[in-house]
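So you can see what is in the structure, the chains are spelled out below.
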Amino acid sequence: MANVDISFGKSVNEIKLTSLHDFFPSLFIETKNEKNSENLEVELNKERMKDFAFWHNQKRKVVMNTNGRDDTGTITGNN
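Residues numbered from 1 in each chain as written. Predicted model: local features only at pLDDT ≥ 70, side-chain atom pairs only at ≥ 80, totals over all residues. Heavy atoms only, no water.

1. Let's talk about the pattern of salt bridges
Here is step 1 of the chain: Taken as a whole and judged by the stated rule, the model has two salt bridges.
Here is step 2 of the chain: Two residues, Glu 43 and Lys 46, come together in a salt bridge whose shortest N-O distance is 3.6 Å. Residue Glu 43 and its partner Lys 46 are located together in helix α2 (residues 32-67), separated by three residues, close to a single helical turn.
Here is step 3 of the chain: Here Lys 50 and Glu 47 are joined by a salt bridge, their closest N and O atoms 3.6 Å apart. Highlighted residues: Lys 50 and Glu 47, both in helix α2, separated by three residues, approximately one helical turn.
Here is step 4 of the chain: Among the residues examined, Glu 47 registers a relative accessible area of 44% and is labelled partly exposed. (Salt bridge = Lys/Arg side-chain N within 4 Å of Asp/Glu carboxyl O. Helix = DSSP H or I, 4+ residues; strand = E, 2+ residues; numbered from the N terminus. Buried < 20%, exposed > 50% of the residue type's maximum accessible area, 1.4 Å probe, protein only.)

Right under this line is the structure:
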């Protein structure tokens, strides 16, 4: 089968690819409110993760002190 030229007589250098932004510009408009809300969501998620890490570490300390063992499994204190 012979190669078919689908460029309609144009060379490869003459063909321009059209981006989605050119077809649908309203889809790519981002307002300042959207950017601010995204930043707030990221900051809120960071703070939640810090809170979780703190809570988790505090709980581990309580468990470690109540069962007489440290993280390595060795017995601590005067048992």
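There is more to say, and it comes next.
2. Re a negative patch on the surface
Here is step 1 of the chain: There is a patch of like negative charges on the surface, built from Glu 30, Glu 34, Glu 38 and Glu 41.
Here is step 2 of the chain: The residue Glu 34 is located in helix α2 in this model. (Patch = residues over 30% accessible without salt bridge, like charges linked within 9 Å, V, L, I, M, F, W, Y side chains within 5 Å. Areas by Shrake-Rupley, 256 points an atom, 1.4 Å probe, with all protein chains shown as cover. Lys, Arg positive; Asp, Glu negative; His and termini not counted. Charge placed at Lys NZ, Arg CZ, Asp CG, Glu CD.)

3. Some thoughts on a nonpolar patch on the surface
Here is step 1 of the chain: There is a patch of nonpolar side chains on the surface, built from Leu 20, Phe 23, Phe 24, Leu 27 and Phe 28 and spanning about 580 Å² of accessible area.
Here is step 2 of the chain: Along the chain, Phe 28 turns up in the loop between α1 (20-23) and α2.

4. Digging into the packing of aromatic side chains
Here is step 1 of the chain: One pass over the structure, following the stated rule, counts two aromatic pairs.
Here is step 2 of the chain: Relative to Phe 24, the ring of Phe 23 lies with its centre 6.4 Å away and its plane at 50°, an arrangement referred to as tilted.
Here is step 3 of the chain: A residue is classified by how much of its surface remains accessible, and Phe 24, at 44% relative accessible area, is partly exposed.
Here is step 4 of the chain: Ring plane angle 35° and centroid distance 6.0 Å describe the contact between Phe 52 and Trp 55, whose orientation is recorded as tilted. On the criterion of helical spacing, the pair formed by Phe 52 and Trp 55 is a turn pair, its members being three residues apart in helix α2.
Here is step 5 of the chain: Residue classification places Phe 52 among the partly exposed positions, given a relative accessible area of 49%. (Phe/Tyr/Trp six-rings, centres within 6.5 Å; stacked < 30°, edge-to-face > 60°.)

That's the geometry; what it means functionally is another story.
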